Amino acid sequence: MYEPIRSKSVHSTMAGTASDFPHRSREEELDIQLAGHLAALLAITDELRTLAPAADLDTAADRLAEQVARLRGGRAPVRTSVAAVTELPVLHRRAHALAGRALVVAASRADTAAAILAAERMDAHAAAQGDPQELSGAAQ
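Everything numeric here is computed off the predicted structure, so don't read it as measured data.

A. Up close: unusual backbone geometry. Phi angles above zero are rare outside glycine, and Ala-110 is one such case at about 60°. Tracing the chain through its elements places Ala-110 in the loop between helix 3 (88-108) and helix 4 (112-129). Relative accessible area serves as the criterion here: at 65%, Ala-110 is assigned to the exposed category.

This is the structure:
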């Protein structure tokens with residue numbers, strides 16, 4: 001009535017095979033996430049540099065690239081000089097949001113250097129947008 005299974009089941013359990021796939025620690029996951037946010041912020045900073053060159057953007061881009069390389073074990077981030085969006089306010093809003101995300105992750109992993117850099121970029125992009133709420137919050 002019952003025929004035994006003659007081949008190995010494709011629906012195997014994970015019991016006893018914990019090393020079948022690599023596991024990352026929470027810190028490694030946060031490093032990856034923070035590097036991603038900072039790399040995205042770097043890309044927008046590079047776009048802003050293309051549209052409106054400024055010394056502070058050059059400095060910010062260099063600092064962001066250093067942090068991304070540090071978080072990625074020394075691998076330099078890919079850089080771009082092509083601006084996809086030509087509206088500066090849109091780029092500043094995106095950069096402000098990305099810097100905020102990076103700040104949250106940096107604070108979560110207690111990365112002071114990245115947190116300070118992200119906070120500085122948030123302030124700079126808020127000022128560039130002329131956002132009175134952000135500026136008044138920074139002055140308090």
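B. Representation of the nonpolar core in the model. Core analysis: the largest hydrophobic core is formed by 27 residues, its most contacted members being Leu-34, Leu-38, Leu-41, Ile-44 and Leu-64. Listing elements by their share of this core, those giving two or more residues are helix 1 (26-51), helix 2 (55-71), helix 3 and helix 4. Among the elements that take part in this core, helix 1 stands out by supplying nine residues, more than any other. In this structure, Ile-44 is in contact with Leu-91, Arg-94, Ala-95 and Leu-98, ignoring residues within four places of it in sequence.

C. Main features of the packing of helix 1 against helix 2. Relative to each other, helix 1 and helix 2 sit at 155°, their axes nearing to 9 Å. Between helix 1 and helix 2, the crossing angle belongs to the class labelled roughly antiparallel. Relative to helix 2, helix 1 is oriented so that their crossing is left-handed. Together, Asp-31, Leu-34, Ala-35, Leu-38, Ala-39, Leu-41, Leu-42, Thr-45, Asp-46, Leu-48 and Arg-49 of helix 1 and Leu-57, Asp-58, Ala-61, Leu-64, Ala-65, Gln-67, Val-68 and Leu-71 of helix 2 make up the contact between the two elements. Tallied by class, the residues present in the contact of helix 1 with helix 2 amount to 13 nonpolar, two polar and four charged.

D. Inspection of the environment of Arg-26 at higher detail. Among the secondary structure elements, Arg-26 is positioned in helix 1. In the structure, Arg-26 is positioned 83 residues away from Arg-109 in sequence and 8.9 Å away in space, judged by C-alpha atoms. Side-chain polar atoms of Arg-26 contact the side chain of Ser-108, separated by 3.1 Å.

E. Quick peek at the pattern of salt bridges. Scanning the model with the defined rule gives seven salt bridges in all. Between Asp-111 and Arg-109 there is a salt bridge whose closest N-O contact spans 2.4 Å. Here Asp-111 falls in the buried class, since its relative accessible area comes to 7%. Judged by relative accessible area, Arg-109 falls into the partly exposed class, the value being 23%. When salt bridges that share partners are traced, they join Asp-31, Arg-70, Arg-109 and Asp-111 into one network.

Cut-offs applied
- Residues numbered from 1 in each chain as written.
- Predicted model: local features only at pLDDT ≥ 70, side-chain atom pairs only at ≥ 80, totals over all residues.
- Heavy atoms only, no water.
- Helix = DSSP H or I, 4+ residues; strand = E, 2+ residues; numbered from the N terminus.
- Buried < 20%, exposed > 50% of the residue type's maximum accessible area, 1.4 Å probe, protein only.
- Core = buried A, V, L, I, M, F, W, Y, C linked by side-chain atoms within 4.5 Å.
- Contact = heavy atoms within 4.5 Å.
- Axes fitted to C-alpha atoms, helices over the stretch in contact; angles between N-to-C directions.
- Parallel < 35°, antiparallel > 145°, perpendicular 65-115°, else oblique.
- Left-handed = near helix turned anticlockwise from the far one by under 90°.
- Nonpolar A, V, L, I, M, F, W, Y, C, P; charged D, E, K, R; others polar.
- Polar contact = N/O pair within 3.5 Å; in protein donor to acceptor, adjacent residues only side chain to side chain.
- Salt bridge = Lys/Arg side-chain N within 4 Å of Asp/Glu carboxyl O.

Keep in mind these values describe shape, not function.
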